[in-house]
Amino acid sequence: MALGKNSRGDGRNSSNYCSTVPVAVFVAFCLVGLWIAMSSIAPDQDPVMEVSETINEVKNIANQTVSSKFEDSLGDISVESATRESQTSKSQIESHSESAETETTNGQIDDNQLKGLTEALDESKSDKSLADSKLGTENSLGEITQQDEIVGESKEEKINENIQSMRNQSTGDSNVESLVEARTENGTWSTQAAESNEEKVNENQQSMTNQSTGDSKVETLVEARTENGTLSTQAAESKRDKEPEKFSISIDSSKYDWKLCNTTSGSEYIPCLDNWKAIKKLRSISHYEHRERHCPDEVSTCLVSLPEGYRSPIRWPKSREMIWYNNAPHTKLVESKGHQNWIKVSGEYLSFPGGGTQFKYGALHYIEFIQNSLPNIAWGKRSRVILDVGCGVASFGGYLFEKDVLTMSFAPKDVHEAQVQFALERGIPATLGVMGTKRLPFPGSVFDLLHCARCRVPWHIEGGKLLLELNRVLRPGGYFVWSATPIYQKDPENAGIWKDMRAITKSMCWDLVVIAKDKLNGVAAAIYRKPTDNECYEKRPKNEPPMCSESDDPNAAWNVSLQACMHKVPVGASERGTIWPEQWPLRLEKPPYWLNTQTGVYGRSAPVEFTADYKHWKNVISHSYLNGMGINWSSVRNVMDMKAVYGGFAAALRALKLNVWVMNVVPVDSPDTLPIIYERGLIGIYHDWCESFSTYPRSYDLLNADSLFSTLKERCNIVAAIAEVDRMLRPEGYLIIRDNEETIGEIENMAKSLHYDIRFSYAKNGEGLLCLQKTFWRPTKVETLVSAIA
């Protein structure tokens, strides 16, 4: 026993030194192994988007590092879509395993390489500039920066030769993003790891990079990296429905108490047109004052009900011919205009044969009749944007799509019950408006052609005051097509109107180009042309109607009273209106000549901003909106850009051949860029978003709001603004908001209380993006609006 004890004791003493050696060696090997592992693996790991097997571990890491404002970063993608993307990620992991192994062995970038790329980016930045700091820094929201574009274009070869990877670097310059991207030789975008794992988690959770197979201009908004560094779209969200994100914003359910609006108009309530309290106080309605906007003093946040039996609208182009009866259950026009082929009832549908008061045998024949009467009209080339006054159900504009013509159709909410509602339900551009006491909400000299087919506007009265308003919005050299009974019927009333019209148009210096007869429809049309210079005005024997004073801005249109005067035609080489726009479609992409001497919205050269804005939106839409936000674009037809600026959003949708039309809204407190939008062959309107928009409920399939609500809430009730958005948006329609993080979070709270689906939510560096989808939910409580009770 003693020997055993002594032997054990000696063994312990002698092994103290012996055991230390292998332990030290083991520890050393561990350290070396750890160093090697960290050097070779760290650059490729990304705790934001792991393959689906490790999603729970990723979420635990994310919850510790991401602020509460970052919610549902990859949107609400279906299981099928997420599974497909997960499979894509798996193949990408396998295909890029070799490139992952060829990373720099110590996990760091060579300083000379980094310096070279930085110099290349700086050089690129000096060659070309984006519109403003917003456009320059939008990569935090996934837009491509100018450096990225130039790297992908003029500097691509240099970077591909010298740079395989790069480290994230911040310089304080708004045009050098915290997330720096470079293309590898195979065309795939990769993002280098941060210096530490903690920085990697924060960086990659807040920034997403994109992969492209040959396109260097890559939108990086909705994508995240898998473990091996290859980019994929929402690859790890296949388990989203079963395992929702843990870092969502908490909701104070008592903050928003939504109620249904109890009004006389019911499910078709339009606040600024159904203000019966104000209408009853009008002293006169002889100038259609009762059809104009009268917004209620009280700001309401109630929601408009759905008509009984409402269902998702029929999709374009079938919707041009028929809509669901229950979505717009009105038969008054069927009874009064059915014989003119405006509209018919066909079971559970309302059908539209394509006729009108002046073209009961179809709009297409009538459109060809106009073209043949005056070939210089050149539908879809010279004449691109037109205004259809008193549009009826807008079949004229609906069939002009076949000629590549975009029509702003408008009519009042009057005895022709729901005509504009029918147009919008069909998927045809239309808005509510009236020729009354106020100017139309459009700039001066923007429409290529004006059209009136028995539009019931008394052009001949009061010295042609209403006709002078058309003169304001008509482009010099543009045409006015008037198809009405005074032209071809000889009874005393019509003959008297025709005599007055000829005298007024002559005094306005409008040239009566042609009077054409349509034998099929038994009608005739007079086509006038506005002058392109001031010679006729100067030679008139009488100054009637008078010329407007120089202080009268022809572009001033929001709540401006009609003026019985004419503005001079611009003659300066750099003035808008002296040269007809480029033929369509070239005018869509080419900056107008008159922008050359102007400073843009963001303080740079206007043509540079115009081009940058267009590229910016093409990148955003093609690489994010189309693929990564859960939007079913086949269901989208009527689109509104709530803060349009240069119209780049609408132009990009058109360039990408999406089957939509866009109402471009320029807020009244924003720089007046609406003339630019029309110049490029698009349509739009002025509006104050502190008030209700002049449209029926459920008019739009998608609303886009870029940097709107953060400024709007400084002077308006943002809850009321969101209630207005809800009124305009169709159930199952989409709302996309790009704004600061605080505003995004606030609106997301409201959206959840409205039972909207959160399709996508993302925030980084104080900026955010939110995509919402409206549901069929309506509250049960009711709020009676005294001003809207007839």
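These remarks concern the structure in this document. (Residues numbered from 1 in each chain as written. Predicted model: local features only at pLDDT ≥ 70, side-chain atom pairs only at ≥ 80, totals over all residues. Heavy atoms only, no water.)

1. Quick word on the sheet that holds strand β22 (residues 767-773)
1) Next: An order of β18-β17-β16-β19-β20-β22-β21 is seen for the seven strands of this open sheet, with the pairing classed as mixed. For this open sheet the edge positions go to β18 (684-687) and β21 (757-764), each flanked by a neighbour on one side alone. Along the sheet, successive strands turn relative to each other by an average axial angle of 15°, direction set aside.
2) Next: Inspection of the sheet shows strand β17 (residues 661-667) paired to β18 by four bridges, in the parallel sense. Each residue of the ladder has a partner; that of N664, found in β18, is G684. (Pairing = 2+ DSSP bridges. Helix = DSSP H or I, 4+ residues; strand = E, 2+ residues; numbered from the N terminus. Axes fitted to C-alpha atoms, helices over the stretch in contact; angles between N-to-C directions.)

2. A word on the state of the cysteines
1) Next: Within the structure shown, the criterion is met by six disulfides.
2) Next: Note on cysteine connectivity: C548 is disulfide-linked to C565, with sulfurs 1.9 Å apart. The S-S bond linking C548 to C565 shows a torsion near 95°; that makes this disulfide right-handed. Of this pair, C548 sits in the loop between α18 (535-539) and α19 (586-589) while C565 sits in the loop between α18 and α19, and the two are 17 residues apart along the sequence. C565 matches C548 in its accessibility class, with the two residues each being buried.
3) Next: Covalent S-S linkage joins C690 and C716, the inter-sulfur distance amounting to 1.4 Å. Remark: C716 occurs in the loop between α23 (709-712) and α24 (718-728) and C690 occurs in the loop between β18 and β19 (700-706); sequence separation between them is 26 residues. (Disulfide = S-S within 2.5 Å. Buried < 20%, exposed > 50% of the residue type's maximum accessible area, 1.4 Å probe, protein only.)

3. Observations concerning the pairing of strand β15 (residues 523-529)
1) Next: Here β15 lies mainly inside the structure; six of its seven residues are buried.
2) Next: Bridge count between strand β13 (residues 474-483) and β15: four bridges; the pairing is antiparallel. Pairing of Y479 across the sheet is with R529, part of β15.
3) Next: Pairing of strand β14 (residues 511-518) with β15, which is carried by seven bridges, proceeds in the antiparallel orientation. Among the inter-strand pairings, D511 is bridged to a residue of β15, identified as R529.
4) Next: Between the antiparallel neighbours β14 and β15 lie four residues, among them G522 with a positive phi of about 70°.

4. Some details on helix α12 (residues 363-373)
1) Next: Three or more residues of α12 are buried, namely A363, Y366, I367, F369, I370, Q371 and S373.
2) Next: Buried-residue contacts for α12 involve α13 (395-400), β12 (447-453), β13, β14 and β15. (Contact = heavy atoms within 4.5 Å.)

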